[in-house]
Structures are given as C-alpha cells and as structure tokens.
Amino acid sequence: MKILFFCPRWGQEQVEWDVFLQNVKQAGYDGVEASLPIDEKRKALILNSLKKHGLQFIAQHYETIEKGFDLHYQQFEQRLRNLATAKPLFINSQTGKDYYTFDQNKQLIDLARNISRDTAIKIVHETHRGKFSFAAHITKLYFDKIEDLRITLDISHWCNTAETFLHDQLGAVDLAISRTDHIHSRVGYPEGPQVSDPRAPEWDDALSFHLQCWDKVHALKQKENTEYLTITSEFGAPPYLPLLPYTKQPVVSQWDINVFMMNLLKERYK
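Overview of the structure. (Residues numbered from 1 in each chain as written. Predicted model: local features only at pLDDT ≥ 70, side-chain atom pairs only at ≥ 80, totals over all residues. Heavy atoms only, no water.)

### Concerning the sheet that holds strand β4 (residues 91-93)
Here is step 1: A barrel is described by the order of its strands in space; here 8 strands give the closed sequence β1-β2-β3-β4-β5-β6-β7-β8, paired in parallel fashion. Each adjacent strand pair in this sheet contributes to an overall mean axis angle of 30°, direction not counted.
Here is step 2: Sheet topology note: the β4/strand β5 (residues 123-126) ladder contains 3 bridges and is parallel. Residue serine 93 lies in a different strand from β5, and its bridge partner there is histidine 125.
Here is step 3: Packed on one face of the sheet, helix α9 (residues 254-268) meets β1 (2-8) and β8 (228-232) and runs near 175° to β1. (Pairing = 2+ DSSP bridges. Helix = DSSP H or I, 4+ residues; strand = E, 2+ residues; numbered from the N terminus. Axes fitted to C-alpha atoms, helices over the stretch in contact; angles between N-to-C directions. Contact = heavy atoms within 4.5 Å.)

Following this line, the structure appears as structure tokens:
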C-alpha cells in the first residue's frame with residue numbers, strides 16, 4: 001500500500017500558486033488539498049500549475065455556510081459539482097450543520113452521493129466541529145443509518161468537543177476508523193482542536209492518542225489491501241494556530257509543523 005501525503009493550501013493563500021507548489025514539491029509532499037474558485041480561468045491556472053509540478057490534488061469543500069437549508073443545499077451542490085469538474089483524486093467535504101436536523105444533514109449526504117455517482121468522483125465527509133459530524137456519538141448515529149458513509153478522520157475535533165481523549169467512546173471511535181478513507185493529521189486535546197506544537201514533550205499524550213488512531217486506520221487499509229492511504233498534514237493557520245499575546249505572532253511555524261507531521265508519519269509507516 002502506498003501512502004500519499006498532501007499539503008493544505010490553508011495558511012498559504014498569500015503565496016502565489018506556482019511558488020506555493022514549488023515549496024510543496026521541495027518539501028516532499030505528493031500533492032495538495034485545497035478548494036477551487038468557480039471562475040473557470042482561475043481554476044484552470046491552478047490545475048495547470050498542479051500538472052506542471054507533477055502534484056496530485058484532493059479537492060476540499062468548506063465554503064457552504066449559509067444558515068437557511070434551501071439555499072445551503074443549492075450552494076453545496078454548486079460547489080461540489082464545481083470541484084468534481086477538476087477530476088480530483090476525491091473530494092473532502094465539510095458537510096451540513098450541527099444544528100440541522102438528522103434528516104436535513106442526510107439530504108446533504110444523499111446529494112453528495114448522487115453527485116459522486118454522476119461524476120465518478122468519490123466524496124468523503126470530514127469530521128469537524130460545526131458540521132453534522134461534530135462529535136463522536138452524533139456521527140455514530142449517521143454511521144448506523146447510512147451504511148456507505150465514508151469519512152475524513154480529523155479526530156482532533158472530537159477530542160475538543162468531548163473534552164476527553166474519547167476513552168469512554170471507544171466504540172464510536174473504532175466505528176469511525178472502520179469508515180475512514182482519508183486522514184487529517186492534526187493533533188488536538190480536550191481543551192482545543194490543535195496543540196501549540198506537537199514536537200513539544202508536554203503534548204506527548206495527545207500525540208500518542210492520535211498516532212494510535214492513525215495506526216489503526218493504516219493497519220486496516222493494509223489488511224484490506226487498499227491501493228493507497230492519503231494523509232493531509234493540516235495544522236491550521238493563525239489564529240487557529242495559537243498567537244502570542246499583544247504581538248499576535250504565531251508561537252510556531254505552521255509550515256514547519258505540517259512538514260514535521262508528514263515526515264513523522266512517513267518514517268512511522270515506511
């Protein structure tokens with residue numbers, strides 16, 4: 001099984017695409033995870049640059065934030081279909097709202113399934129605060145009722161939501177691992193979705209918990225003889241990344257942490 005590592009565009013938006021992709025390539029990533037503009041010319045420039053640098057592409061959806069369900073549904077469909085036209089490896093979607101009903105969120109999941117069938121592009125749903133998948137116990141309800149629901153596992157969000165390392169929800173965690181097709185390798189903790197620096201010894205317990213979860217995904221994919229496992233190093237940009245008081249300077253480099261996470265997992269799973 002091949003493991004492919006992806007760099008988030010998040011936090012690098014100020015860097016011109018061609019320069020960004022040069023940096024991604026030089027750092028040793030296999031590709032990029034990012035959204036795309038609706039504008040066809042701007043989209044084509046990005047896709048041509050990815051091809052030029054020989055980088056793979058995971059499409060990321062996060063922009064649909066409209067509160068009213070009907071408009072949300074329309075915008076969700078428009079954005080997923082726009083991403084599908086780029087023929088990405090797959091689409092990773094932050095889907096729904098934590099305050100939508102089960103049936104409303106299911107309509108969005110069903111819509112994504114239909115778009116996937118129409119376009120032959122796989123769509124997985126990221127575990128994320130504020131979305132239908134904001135907590136382990138809630139997402140389990142969706143797994144129980146939607147047999148083909150597949151996810152991007154960003155378990156840092158669930159640690160934050162539950163204010164634990166989920167020791168009392170192992171059944172829900174194991175079920176999520178069994179439905180995982182993509183990993184976001186951010187490290188969270190009970191008081192937040194992102195530790196200040198995963199290299200620091202004070203975060204050893206947090207890192208260890210996440211590594212145990214990712215190890216299970218890796219082992220399962222190997223057992224299933226999966227062609228590849230994809231991992232995006234997705235430590236977030238400031239102010240998601242903690243800032244020093246008054247100066248608002250990041251406590252560490254987002255880029256350096258994400259490269260560290262990639263290299264840590266490359267060595268672990270080689």
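### Brief notes about the pattern of salt bridges
Pairs may arise between side chains of opposite charge once their charged atoms sit close together.
Here is step 1: Counting across every chain of the model gives 18 salt bridges.
Here is step 2: With a shortest N-O distance of 3.2 Å, lysine 52 and aspartate 18 are connected by a salt bridge. Note that lysine 52 is positioned in helix α2 (residues 40-52) and aspartate 18 in helix α1 (residues 17-27), a separation of 34 residues in sequence.
Here is step 3: For lysine 52, a relative accessible area of 58% translates into the label exposed.
Here is step 4: Under the relative-accessibility criterion, aspartate 18 is labelled buried at 17%.
Here is step 5: Across the pair aspartate 181 and lysine 122 runs a salt bridge whose closest N-O atoms are separated by 2.6 Å. With a gap of 59 residues between them, aspartate 181 in strand β7 (residues 180-184) and lysine 122 in the loop between α4 (102-119) and β5 connect regions that are remote in the sequence.
Here is step 6: When its relative accessible area of 13% is taken as the criterion, aspartate 181 is described as buried. (Salt bridge = Lys/Arg side-chain N within 4 Å of Asp/Glu carboxyl O. Buried < 20%, exposed > 50% of the residue type's maximum accessible area, 1.4 Å probe, protein only.)

### What to know about α2
Here is step 1: Compared with an ideal rise of 1.5 Å per residue, which puts 13 residues at 18 Å, α2 spans 18 Å between its outermost C-alpha atoms and is within 8% of the ideal.
Here is step 2: Where α2 is buried, its residues meet α1, β2 (31-34), β3 (56-61) and α3 (69-84).
Here is step 3: Put simply, aspartate 39 is the residue that caps the front of α2, since its side-chain oxygen is 3.2 Å from the backbone nitrogen of lysine 41.
Here is step 4: Once α2 ends, the next one or two residues include glycine 54, with phi positive near 65°. (Expected span 1.5 Å × (residues − 1). Polar contact = N/O pair within 3.5 Å; in protein donor to acceptor, adjacent residues only side chain to side chain.)

### Topic: unusual backbone geometry
Here is step 1: Between proline 238 and the following residue, proline 239, the backbone shows a cis peptide bond with an omega angle of 5°.
Here is step 2: Backbone geometry places glutamate 163, a non-glycine residue, at a positive phi of 55°.
Here is step 3: You can see glutamate 163 is positioned in the loop between α6 (156-162) and α7 (170-178).
Here is step 4: Note on glutamate 163: relative accessible area 57%, which makes it exposed.
Here is step 5: Although it is not a glycine, tyrosine 246 sits at a positive phi angle of roughly 75°.

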